[in-house]
Amino acid sequence: MISVITPVYNGEKYIERFLLSMANQSYSDFELIIVDDGSQDRTMEIIDEFRYLFAKIKVISQINQGQGAARNHGIAIAEGEFIAFIDSDDTVSSEYLAILARKQEALKADIVWCNASLLKGNAAVGQLDRGVISDGIESYILHNAGPCRKLFRKELFIPFPEGIFYEDLAVVPLWGIDAKRIVYVSEPLYNYHLHDGSTMHQLSFNHKLDDIFLATSILKRGLEKQYPQLTEFLLTDHLLHAASLRYFKFKAYDRLEKIVKIMEEYPNFVKNEFYRKEDWKYRLVCYLFYKKKYRILKMVLK
(Lines give C-alpha, C1' and ligand atoms only; values in the text may rest on other atoms or scores of the structure.)
Protein backbone atom coordinates (compact mmCIF):
# COMPACT_ATOMS: atom_id res chain seq x y z
CA MET A 1 0.00 0.00 0.00
CA ILE A 2 1.02 3.60 -0.64
CA SER A 3 0.48 6.34 1.93
CA VAL A 4 -0.07 9.74 0.31
CA ILE A 5 0.69 12.55 2.76
CA THR A 6 -0.55 16.08 2.17
CA PRO A 7 -0.09 18.99 4.57
CA VAL A 8 -2.53 21.86 4.14
CA TYR A 9 -2.82 25.31 5.66
CA ASN A 10 -5.63 27.68 4.65
CA GLY A 11 -5.99 25.83 1.37
CA GLU A 12 -9.63 26.51 0.52
CA LYS A 13 -8.68 27.96 -2.90
CA TYR A 14 -6.93 24.78 -4.09
CA ILE A 15 -7.89 21.81 -1.91
CA GLU A 16 -10.92 20.79 -3.98
CA ARG A 17 -8.79 20.62 -7.13
CA PHE A 18 -6.27 18.44 -5.29
CA LEU A 19 -8.96 16.12 -3.87
CA LEU A 20 -10.51 15.60 -7.31
CA SER A 21 -7.06 14.74 -8.62
CA MET A 22 -6.68 12.05 -5.95
CA ALA A 23 -10.21 10.74 -6.44
CA ASN A 24 -9.40 10.15 -10.12
CA GLN A 25 -6.39 7.89 -9.46
CA SER A 26 -6.55 4.62 -11.39
CA TYR A 27 -4.49 3.00 -8.62
CA SER A 28 -6.66 2.08 -5.65
CA ASP A 29 -4.31 0.61 -3.03
CA PHE A 30 -3.50 3.85 -1.24
CA GLU A 31 -4.50 5.79 1.84
CA LEU A 32 -4.72 9.57 1.86
CA ILE A 33 -3.41 11.30 4.97
CA ILE A 34 -4.23 15.00 5.16
CA VAL A 35 -2.55 16.99 7.91
CA ASP A 36 -4.40 20.23 8.57
CA ASP A 37 -1.80 22.63 9.94
CA GLY A 38 -4.16 24.95 11.83
CA SER A 39 -6.25 26.22 8.91
CA GLN A 40 -8.61 29.08 9.73
CA ASP A 41 -10.62 29.08 6.52
CA ARG A 42 -13.02 26.54 4.93
CA THR A 43 -10.33 23.93 4.28
CA MET A 44 -11.65 21.34 6.73
CA GLU A 45 -15.24 21.89 5.63
CA ILE A 46 -14.29 21.13 2.02
CA ILE A 47 -12.27 18.06 3.05
CA ASP A 48 -15.25 16.71 5.00
CA GLU A 49 -17.43 17.04 1.89
CA PHE A 50 -15.03 14.81 -0.04
CA ARG A 51 -14.58 12.01 2.50
CA TYR A 52 -17.08 9.76 0.71
CA LEU A 53 -14.80 9.61 -2.38
CA PHE A 54 -12.03 7.73 -0.59
CA ALA A 55 -12.10 4.23 0.82
CA LYS A 56 -9.39 5.13 3.31
CA ILE A 57 -8.76 8.69 4.40
CA LYS A 58 -7.19 10.03 7.59
CA VAL A 59 -7.24 13.64 8.71
CA ILE A 60 -4.94 15.01 11.41
CA SER A 61 -5.53 18.47 12.84
CA GLN A 62 -2.71 20.30 14.61
CA ILE A 63 -1.91 23.84 15.63
CA ASN A 64 0.13 25.65 13.01
CA GLN A 65 3.66 24.19 13.09
CA GLY A 66 4.76 24.31 9.47
CA GLN A 67 5.16 21.75 6.71
CA GLY A 68 8.06 19.88 8.32
CA ALA A 69 6.05 19.00 11.42
CA ALA A 70 2.93 18.25 9.36
CA ARG A 71 4.78 15.79 7.13
CA ASN A 72 6.44 14.14 10.14
CA HIS A 73 3.06 13.66 11.80
CA GLY A 74 1.68 12.13 8.61
CA ILE A 75 4.55 9.66 8.41
CA ALA A 76 3.97 8.69 12.06
CA ILE A 77 0.55 7.21 11.26
CA ALA A 78 1.25 6.01 7.71
CA GLU A 79 0.48 2.32 7.14
CA GLY A 80 1.95 2.06 3.65
CA GLU A 81 5.27 0.46 2.79
CA PHE A 82 5.81 3.33 0.36
CA ILE A 83 5.21 7.06 0.83
CA ALA A 84 4.25 9.80 -1.62
CA PHE A 85 4.08 13.47 -0.66
CA ILE A 86 1.75 15.68 -2.70
CA ASP A 87 1.24 19.35 -1.91
CA SER A 88 -2.34 20.53 -1.46
CA ASP A 89 -2.06 23.22 -4.15
CA ASP A 90 -0.74 20.77 -6.76
CA THR A 91 -2.34 17.97 -8.79
CA VAL A 92 -1.16 14.72 -10.34
CA SER A 93 -2.00 12.66 -13.40
CA SER A 94 -4.70 10.04 -12.93
CA GLU A 95 -1.96 7.46 -13.62
CA TYR A 96 0.55 9.00 -11.20
CA LEU A 97 0.44 6.36 -8.46
CA ALA A 98 -0.14 3.50 -10.88
CA ILE A 99 2.89 4.24 -13.06
CA LEU A 100 5.23 4.84 -10.13
CA ALA A 101 3.99 1.68 -8.37
CA ARG A 102 4.41 -0.47 -11.49
CA LYS A 103 7.92 0.86 -12.03
CA GLN A 104 8.82 0.20 -8.40
CA GLU A 105 7.53 -3.35 -8.52
CA ALA A 106 9.11 -4.20 -11.87
CA LEU A 107 12.57 -2.94 -10.92
CA LYS A 108 12.43 -3.52 -7.15
CA ALA A 109 13.31 0.14 -6.62
CA ASP A 110 13.48 1.89 -3.26
CA ILE A 111 12.77 5.29 -4.81
CA VAL A 112 10.92 6.13 -8.02
CA TRP A 113 10.64 9.77 -9.05
CA CYS A 114 9.27 11.53 -12.10
CA ASN A 115 9.30 14.70 -14.13
CA ALA A 116 6.73 17.44 -13.46
CA SER A 117 4.75 19.90 -15.53
CA LEU A 118 4.78 23.58 -14.56
CA LEU A 119 1.35 25.17 -14.76
CA LYS A 120 0.29 28.79 -14.49
CA GLY A 121 -3.45 28.90 -14.23
CA ASN A 122 -4.55 26.04 -16.48
CA ALA A 123 -1.75 26.56 -18.98
CA ALA A 124 1.40 24.45 -19.08
CA VAL A 125 4.48 26.68 -19.21
CA GLY A 126 7.18 24.03 -19.22
CA GLN A 127 8.59 21.01 -17.43
CA LEU A 128 10.70 20.97 -14.31
CA ASP A 129 13.42 18.66 -15.62
CA ARG A 130 15.19 19.38 -18.89
CA GLY A 131 17.66 17.24 -20.74
CA VAL A 132 18.48 13.61 -20.07
CA ILE A 133 17.96 12.47 -16.46
CA SER A 134 19.42 9.10 -15.52
CA ASP A 135 18.59 6.56 -12.83
CA GLY A 136 20.72 6.44 -9.68
CA ILE A 137 21.62 8.62 -6.74
CA GLU A 138 23.61 11.29 -8.57
CA SER A 139 20.67 12.54 -10.65
CA TYR A 140 18.34 12.14 -7.69
CA ILE A 141 20.46 14.39 -5.48
CA LEU A 142 21.16 16.97 -8.18
CA HIS A 143 17.59 17.41 -9.39
CA ASN A 144 15.30 16.45 -6.56
CA ALA A 145 15.51 18.50 -3.34
CA GLY A 146 11.73 18.58 -2.84
CA PRO A 147 9.71 15.74 -1.27
CA CYS A 148 7.04 15.67 -3.99
CA ARG A 149 6.97 13.78 -7.31
CA LYS A 150 8.45 10.65 -5.82
CA LEU A 151 7.56 7.31 -4.31
CA PHE A 152 9.98 6.12 -1.64
CA ARG A 153 10.28 3.24 0.76
CA LYS A 154 9.15 4.35 4.20
CA GLU A 155 12.20 2.94 5.99
CA LEU A 156 14.42 5.45 4.14
CA PHE A 157 12.64 8.39 5.75
CA ILE A 158 14.71 10.87 7.74
CA PRO A 159 12.42 13.29 9.65
CA PHE A 160 12.16 16.87 8.47
CA PRO A 161 13.62 19.50 10.79
CA GLU A 162 10.64 21.35 12.23
CA GLY A 163 9.97 25.04 12.45
CA ILE A 164 12.29 26.07 9.63
CA PHE A 165 12.04 26.92 5.97
CA TYR A 166 14.01 24.82 3.41
CA GLU A 167 13.27 21.76 5.57
CA ASP A 168 13.09 19.63 2.41
CA LEU A 169 16.56 20.64 1.19
CA ALA A 170 17.97 19.55 4.56
CA VAL A 171 16.94 15.89 4.32
CA VAL A 172 15.32 14.83 1.04
CA PRO A 173 18.67 14.26 -0.75
CA LEU A 174 19.74 12.13 2.22
CA TRP A 175 16.87 9.67 1.63
CA GLY A 176 18.79 8.37 -1.37
CA ILE A 177 21.94 7.38 0.51
CA ASP A 178 20.66 3.99 1.69
CA ALA A 179 18.47 3.32 -1.36
CA LYS A 180 19.66 0.26 -3.28
CA ARG A 181 17.95 1.35 -6.49
CA ILE A 182 16.63 4.75 -7.62
CA VAL A 183 14.65 4.97 -10.85
CA TYR A 184 13.54 8.00 -12.88
CA VAL A 185 10.37 8.31 -14.99
CA SER A 186 10.67 10.99 -17.68
CA GLU A 187 6.90 11.40 -18.10
CA PRO A 188 5.64 14.55 -16.28
CA LEU A 189 3.09 12.91 -13.99
CA TYR A 190 3.14 15.60 -11.28
CA ASN A 191 1.70 19.10 -11.82
CA TYR A 192 3.30 22.03 -10.03
CA HIS A 193 0.87 24.95 -9.99
CA LEU A 194 2.83 28.19 -9.85
CA HIS A 195 1.61 30.98 -7.57
CA ASP A 196 2.89 34.41 -6.62
CA GLY A 197 3.39 35.23 -2.96
CA SER A 198 5.75 32.47 -1.91
CA THR A 199 8.80 33.19 0.22
CA MET A 200 10.86 33.17 -2.98
CA HIS A 201 8.76 35.97 -4.46
CA GLN A 202 8.49 38.34 -1.50
CA LEU A 203 8.87 42.04 -2.28
CA SER A 204 10.41 42.75 1.15
CA PHE A 205 13.08 40.89 3.11
CA ASN A 206 11.83 37.78 4.90
CA HIS A 207 13.93 36.39 7.73
CA LYS A 208 12.80 32.87 6.76
CA LEU A 209 15.44 33.11 4.05
CA ASP A 210 18.09 32.74 6.78
CA ASP A 211 16.96 29.15 7.38
CA ILE A 212 19.03 28.23 4.33
CA PHE A 213 22.11 28.21 6.57
CA LEU A 214 20.70 25.59 8.95
CA ALA A 215 19.26 23.49 6.12
CA THR A 216 22.53 23.36 4.19
CA SER A 217 24.51 22.56 7.35
CA ILE A 218 22.25 19.54 8.02
CA LEU A 219 22.60 18.47 4.40
CA LYS A 220 26.39 18.85 4.54
CA ARG A 221 26.72 16.71 7.68
CA GLY A 222 24.68 13.91 6.17
CA LEU A 223 26.09 13.91 2.65
CA GLU A 224 29.68 15.11 2.54
CA LYS A 225 31.49 12.00 3.77
CA GLN A 226 30.13 9.78 0.99
CA TYR A 227 29.55 12.38 -1.73
CA PRO A 228 32.00 15.30 -1.36
CA GLN A 229 31.71 16.52 -4.98
CA LEU A 230 27.91 16.53 -4.85
CA THR A 231 27.99 18.33 -1.48
CA GLU A 232 30.34 20.99 -2.78
CA PHE A 233 28.11 21.63 -5.77
CA LEU A 234 24.89 21.71 -3.74
CA LEU A 235 26.36 24.32 -1.38
CA THR A 236 27.55 26.30 -4.38
CA ASP A 237 24.13 26.06 -6.01
CA HIS A 238 21.94 26.77 -2.97
CA LEU A 239 24.17 29.30 -1.20
CA LEU A 240 26.52 30.98 -3.66
CA HIS A 241 23.96 31.10 -6.44
CA ALA A 242 20.30 30.92 -5.35
CA ALA A 243 20.52 32.38 -1.83
CA SER A 244 23.05 35.03 -2.85
CA LEU A 245 20.75 36.25 -5.62
CA ARG A 246 17.89 36.61 -3.12
CA TYR A 247 20.03 38.39 -0.54
CA PHE A 248 21.56 40.64 -3.18
CA LYS A 249 18.07 41.77 -4.19
CA PHE A 250 17.51 43.03 -0.64
CA LYS A 251 21.08 44.37 -0.21
CA ALA A 252 21.66 41.94 2.67
CA TYR A 253 25.44 42.18 2.41
CA ASP A 254 26.06 40.69 5.85
CA ARG A 255 24.42 37.45 4.66
CA LEU A 256 26.48 37.50 1.49
CA GLU A 257 29.60 37.77 3.65
CA LYS A 258 28.44 34.74 5.64
CA ILE A 259 27.98 32.72 2.47
CA VAL A 260 31.47 33.57 1.26
CA LYS A 261 32.87 32.52 4.63
CA ILE A 262 31.18 29.12 4.27
CA MET A 263 32.36 28.72 0.69
CA GLU A 264 35.95 29.44 1.68
CA GLU A 265 35.97 25.80 2.80
CA TYR A 266 35.66 24.96 -0.92
CA PRO A 267 38.26 27.20 -2.61
CA ASN A 268 38.31 25.01 -5.72
CA PHE A 269 34.56 24.97 -6.32
CA VAL A 270 35.10 26.33 -9.85
CA LYS A 271 36.75 23.00 -10.74
CA ASN A 272 33.80 20.92 -9.51
CA GLU A 273 32.60 18.57 -12.26
CA PHE A 274 28.94 19.49 -11.77
CA TYR A 275 29.61 23.22 -11.55
CA ARG A 276 31.53 23.10 -14.84
CA LYS A 277 28.43 21.75 -16.60
CA GLU A 278 26.46 24.92 -15.81
CA ASP A 279 26.23 27.74 -18.35
CA TRP A 280 28.67 30.64 -18.41
CA LYS A 281 26.35 33.17 -16.73
CA TYR A 282 25.63 30.85 -13.80
CA ARG A 283 29.37 30.32 -13.29
CA LEU A 284 30.10 34.02 -13.65
CA VAL A 285 27.49 35.00 -11.06
CA CYS A 286 28.83 32.47 -8.55
CA TYR A 287 32.41 33.65 -9.08
CA LEU A 288 31.49 37.33 -8.70
CA PHE A 289 29.61 36.66 -5.46
CA TYR A 290 32.57 34.69 -4.13
CA LYS A 291 34.89 37.59 -4.98
CA LYS A 292 32.36 40.17 -3.62
CA LYS A 293 32.30 42.06 -6.91
CA TYR A 294 28.91 43.63 -6.28
CA ARG A 295 29.27 46.57 -8.69
CA ILE A 296 29.97 44.20 -11.58
CA LEU A 297 27.10 41.94 -10.47
CA LYS A 298 24.67 44.82 -10.75
CA MET A 299 25.63 45.21 -14.39
CA VAL A 300 25.58 41.47 -15.12
CA LEU A 301 22.13 41.02 -13.53
CA LYS A 302 20.44 43.95 -15.31
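Small disclaimer: the values here were computed from a predicted structure and weren't measured. (Residues numbered from 1 in each chain as written. Predicted model: local features only at pLDDT ≥ 70, side-chain atom pairs only at ≥ 80, totals over all residues. Heavy atoms only, no water.)

A. Quick peek at the overall build of the protein chain. Within the protein chain, the secondary structure is distributed over 11 helices and nine strands. Taken along its principal axes, the extent of the C-alpha atoms in the protein chain is 60 × 45 × 35 Å. When burial is assessed residue by residue, the protein chain has 52% of its 302 residues classed as buried. Once local pairs closer than 6 in sequence are excluded, the contacts in the protein chain between residues at least 24 apart make up 77%. (Helix = DSSP H or I, 4+ residues; strand = E, 2+ residues; numbered from the N terminus. Buried < 20%, exposed > 50% of the residue type's maximum accessible area, 1.4 Å probe, protein only. Contact = heavy atoms within 4.5 Å.)

B. Here's a closer look at the pairing of strand β8 (residues 150-153). Burial along β8 is two-sided: Lys 150 and Phe 152 facing one way and Leu 151 and Arg 153 facing the other are all buried. Sheet analysis places strand β4 (residues 82-85) next to β8, joined by two bridges and oriented antiparallel. Looking at β8, one finds that Ile 83 is bridged to Phe 152. Relative to β8, strand β6 (residues 111-120) runs antiparallel, the two sharing three bridges. Directly across from Ile 111, in β8, lies its bridge partner Phe 152. (Pairing = 2+ DSSP bridges.)

C. Inspection of the packing of aromatic side chains at higher detail. Following the criterion strictly, the structure yields 23 aromatic pairs and no others. Relative to Phe 289, the ring of Phe 248 has its centre 5.5 Å away and its plane inclined at 85 degrees; by these criteria the two rings are edge-to-face. Of this pair, Phe 248 sits in helix α8 (residues 228-249) while Phe 289 sits in helix α10 (residues 280-290), and the two are 41 residues apart along the sequence. Since its relative accessible area comes to 2%, Phe 289 is described here as buried. Taken together, the ring pairs in this structure connect Phe 85, Phe 152, Phe 157, Phe 160 and Trp 175 into an aromatic cluster. (Phe/Tyr/Trp six-rings, centres within 6.5 Å; stacked < 30°, edge-to-face > 60°.)

D. Quick look at α8. If you check α8, its first and last C-alpha atoms are 30 Å apart, about what 22 residues at 1.5 Å a residue would give, namely 32 Å. The axis of α8 is deflected most strongly, by about 35 degrees, at Ala 243. Lys 251 sits one or two positions beyond α8 and adopts a positive phi of about 55 degrees. (Expected span 1.5 Å × (residues − 1). Bend = angle between axes of the 7 residues up to and from the residue.)

E. Quick look at the nonpolar core. One finds Leu 19 and Phe 85 to be the most contacted residues of the largest nonpolar core, which totals 100 residues. Considering each element in turn, this core owes the most residues, nine residues, to α8. Every residue in contact with Phe 85, bar those within four places of it in the chain, is listed here: Ile 5, Arg 71, Ile 75, Pro 147, Cys 148, Arg 149, Lys 150, Phe 152, Phe 157, Phe 160, Trp 175 and Tyr 190. (Core = buried A, V, L, I, M, F, W, Y, C linked by side-chain atoms within 4.5 Å.)

F. Main features of the side chain of Arg 71. Along the chain, Arg 71 falls in helix α3 (residues 67-77). A relative accessible area of 2% places Arg 71 in the buried class. Polar side-chain contacts of Arg 71 include one of 3.0 Å to the side chain of Asp 87. With near-sequence residues (within four places) excluded, Arg 71 lies in contact with Ile 5, Pro 7, Phe 85, Asp 87, Pro 147, Phe 160 and Glu 167. (Polar contact = N/O pair within 3.5 Å; in protein donor to acceptor, adjacent residues only side chain to side chain.)

G. Fine view of the packing of helix α7 (residues 211-223) against α8. Remark: α7 packs on α8, axes separated minimally by 10 Å, with the N-to-C direction vectors making an angle of 175 degrees. In terms of axis orientation, α7 runs roughly antiparallel to α8. On α8, the residues touching Ile 212, Phe 213, Thr 216, Leu 219, Lys 220 and Leu 223 of α7 are Thr 231, Leu 234, Leu 235, His 238, Leu 239, Ala 243 and Tyr 247. Residue composition of the contact of α7 with α8, grouped by class: nine nonpolar, three polar and one charged. (Axes fitted to C-alpha atoms, helices over the stretch in contact; angles between N-to-C directions. Parallel < 35°, antiparallel > 145°, perpendicular 65-115°, else oblique. Nonpolar A, V, L, I, M, F, W, Y, C, P; charged D, E, K, R; others polar.)

H. Layout of unusual backbone geometry. The phi torsion at Arg 149 lies on the positive side, around 55 degrees, for a residue other than glycine. Phi at Lys 292 takes a positive value of approximately 60 degrees, unusual for a residue other than glycine.

I. Structural detail: the environment of Asn 144. Along the chain, the position of Asn 144 falls in the loop between α5 (137-143) and β8. Non-local contacts of Asn 144, meaning those with residues more than four positions away in its chain, are made with Trp 113, Arg 149, Lys 150 and Val 172.

J. Just the packing of helix α1 (residues 15-23) against helix α2 (residues 43-50), in detail. Between α1 and α2, the least distance of the axes is 10 Å, while the angle of their chain directions is 25 degrees. When the axes of α1 and α2 are compared, the pair comes out roughly parallel. Crossing geometry of α1 relative to α2 is assigned as right-handed. Between α1 and α2, the residues in contact are Ile 15, Glu 16, Leu 19 and Leu 20 and Ile 46, Ile 47 and Phe 50, respectively. When the residues that make up the contact of α1 with α2 are grouped by side-chain class, the tally is six nonpolar, no polar and one charged. (Left-handed = near helix turned anticlockwise from the far one by under 90°.)

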